[in-house]
Amino acid sequence: MEKGNGGFSETGLRRLRDVLARHVESGRIPGLVALVGRGGETHVEAMGTMRHDGGAPMRRDTIFRMASTSKPVAMAAAMVLLDECRLRLDDLVEPWLPELAGRQVLKRIDGPLDDTVPARRPITVRDLLTSTFGLGMDMTALGTPIMGAIFEQGLTPDLPEPMPEPDEWMRRLGTLPLMHQPGERWQYQISHDVLAVLVARVTGQSFETFLRERVFDPLGMKDTGFHVPAHKIDRLPDLYAPDPRTGEFVVWDEAAGGRWSRPPAFQGGGGGLVSTADDYHAYFRMLLNGGTHEGERILSRSAVELMTTNRLTPEQQAARHAMAVDNVHVSFGQGQHGGWGMGMAVRTYRGDYAPVGQFGWDGGSGTSTYADPHNRLTGILLAQVGMSVPDPARLIHDFWTTLYQAIDD
């Protein structure tokens, strides 16, 4: 181990920097910020520019739309409530979310919305925490009536309809049948937004206010929230969704006047946060430290262990495994993790350079955030190029490969 490098070799860090620079110089990734932390050492690379046609350089304090990497962080709000016994794992959600009482379940995933059977049991807090309550984004079911209804009702993040305020969102959700019986199958996304409503109703505070008081402020996450205030908007790059056919840069969300320039109607736990590399580093380091940050306890060790270890059976996550293994052309090879905890993926087998036990998640805006207890390591890669093209997924893959090859002890 070379002195002062926290267990990274100089040669390895140089390769990491060179590989990231290659992606930026290709013209396909306008700019990025990468942070790697191990022990007391932190290395940050800020490369490229805020816009694809130039402009201000990327900086360490650039603010990014975190997309689905919001999930592991937003989950902390529910874990605080579990720690305080204001929620219990097997409580029914109906007292707080009456819209989810008396569910009907589709007889078959591609069937008409009125061809249903009654749910075998009510939905519990555990079902929401593990993303198994019965509804979600199922990329293997695109084109079915239920997926069509989810999009049309504005139940997913601004695709294509903006999400309405929480009570109206819950009302619309309550008009739909479940896709699977409660507890039967892992499904993406929607449970995290239901959890945001649950936290707000249990606490009597907005989801953002509770997160700020109990998680963001204690961790010093001063640039994390659900929108970027006017005095910081110059630190937010445009978000691109390149044309899959031509690769041409299309602005999906501009910074000034865009979706994140004002408070949203719906503060969603599934994908709404903006943040910085240092803010996310503080959060993932807290998880690695068993729930403490600079001597202050944010979450109990038990809550952290529950979040960051696999909660699912192979049957529950069959669709997710199929997406990772059989549909790699759809996910650009992302998703070889194995398990899912609460709000994040957990490695249960060695599918690439990362060891079993690594936890975290990736975001469709070109973000990737994981921690690795075995190596006491955190890695955060932030760009703003959407997964409409393979380039951000390849950047993420190369970041993790070069990060792991840089370990030297």
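Above this text sits the structure in question.
An account of the accompanying structure is given in this report. (Residues numbered from 1 in each chain as written. Predicted model: local features only at pLDDT ≥ 70, side-chain atom pairs only at ≥ 80, totals over all residues. Heavy atoms only, no water.)

**A short note on helix H6 (residues 190–203)**
Along its 14 residues, H6 runs 20 Å from first to last C-alpha, staying within 8% of the 20 Å computed at 1.5 Å per residue. Burial analysis of H6 places twelve of its 14 residues in the buried class, the great majority of the element. For H6, the complete set of buried residues consists of Ile190, Ser191, His192, Asp193, Val194, Leu195, Ala196, Val197, Leu198, Val199, Val202 and Thr203. Residues of H6 that are buried make contact with helix H2 (70–83), helix H3 (125–129), helix H4 (145–152), helix H5 (166–173), helix H7 (207–219) and strand E12 (338–340). Downstream of H6 by one or two residues, Gly204 has phi in the positive range, about 75°. (Helix = DSSP H or I, 4+ residues; strand = E, 2+ residues; numbered from the N terminus. Expected span 1.5 Å × (residues − 1). Buried < 20%, exposed > 50% of the residue type's maximum accessible area, 1.4 Å probe, protein only. Contact = heavy atoms within 4.5 Å.)

**Observations concerning H7**
An α-helix turns once per 3.6 residues; consequently, residues spaced three or four apart project the same way. A rise of 1.5 Å per residue sets the reference length of H7, with its 13 residues, at 18 Å; its end C-alpha atoms lie 17 Å apart and thus fit the reference within 8%. At Glu213, H7 shows its largest bend, some 45°. Looking only at H7, the buried set comprises Phe207, Glu208, Phe210, Leu211, Val215, Phe216, Pro218 and Leu219. The secondary structure elements touched by the buried residues of H7 are H2, H6, helix H8 (277–288), strand E10 (292–293) and strand E11 (296–297). Within two residues after H7, Gly220 carries a phi angle of roughly 70°, on the positive side. (Bend = angle between axes of the 7 residues up to and from the residue.)

**Some remarks on the sheet that holds strand E15 (residues 367–372)**
One open sheet accounts for eight strands, arranged E3-E2-E1-E16-E15-E14-E13-E12; its pairing is antiparallel. Each end of this open sheet is capped by a strand with a single partner; those strands are strand E3 (54–57) and E12. Sheet twist, expressed as the average angle between the axes of neighbouring strands with direction ignored, equals 20°. Where helix H1 (residues 10–25) meets the sheet, its contacts fall on strand E1 (31–38), strand E2 (41–51) and strand E16 (377–382), and the angle it forms with E2 comes to roughly 15°. (Pairing = 2+ DSSP bridges. Axes fitted to C-alpha atoms, helices over the stretch in contact; angles between N-to-C directions.)

**What about the pattern of salt bridges?**
Taken as a whole and judged by the stated rule, the model has 26 salt bridges. We note a salt bridge from Asp167 to Arg201, for which the minimum N-O separation is 3.0 Å. Highlighted residues: Asp167 in helix H5 and Arg201 in helix H6, separated in sequence by 34 residues. Accessibility expressed as a relative area gives 47% for Asp167, which makes it partly exposed. By relative accessible area, which is 23% here, Arg201 ends up partly exposed. Arg171 is paired through a salt bridge with Glu168; the nearest N and O atoms lie 2.9 Å apart. Taken together, the residues span about one helical turn, with Arg171 and Glu168 both in helix H5 at a distance of three residues. (Salt bridge = Lys/Arg side-chain N within 4 Å of Asp/Glu carboxyl O.)

**Some remarks on the packing of H5 against H6**
At a closest axis distance of 11 Å, the pairing of H5 and H6 adopts a crossing angle of 130°. For the element pair H5 / H6, the angle class is oblique. The hand of the H5/H6 crossing is left-handed. Where H5 abuts H6, its residues Pro166, Asp167, Trp169, Met170 and Leu173 lie against Ile190, Asp193, Val194, Val197 and Arg201. (Parallel < 35°, antiparallel > 145°, perpendicular 65-115°, else oblique. Left-handed = near helix turned anticlockwise from the far one by under 90°.)

As far as function goes, none of this settles anything; it's purely spatial.
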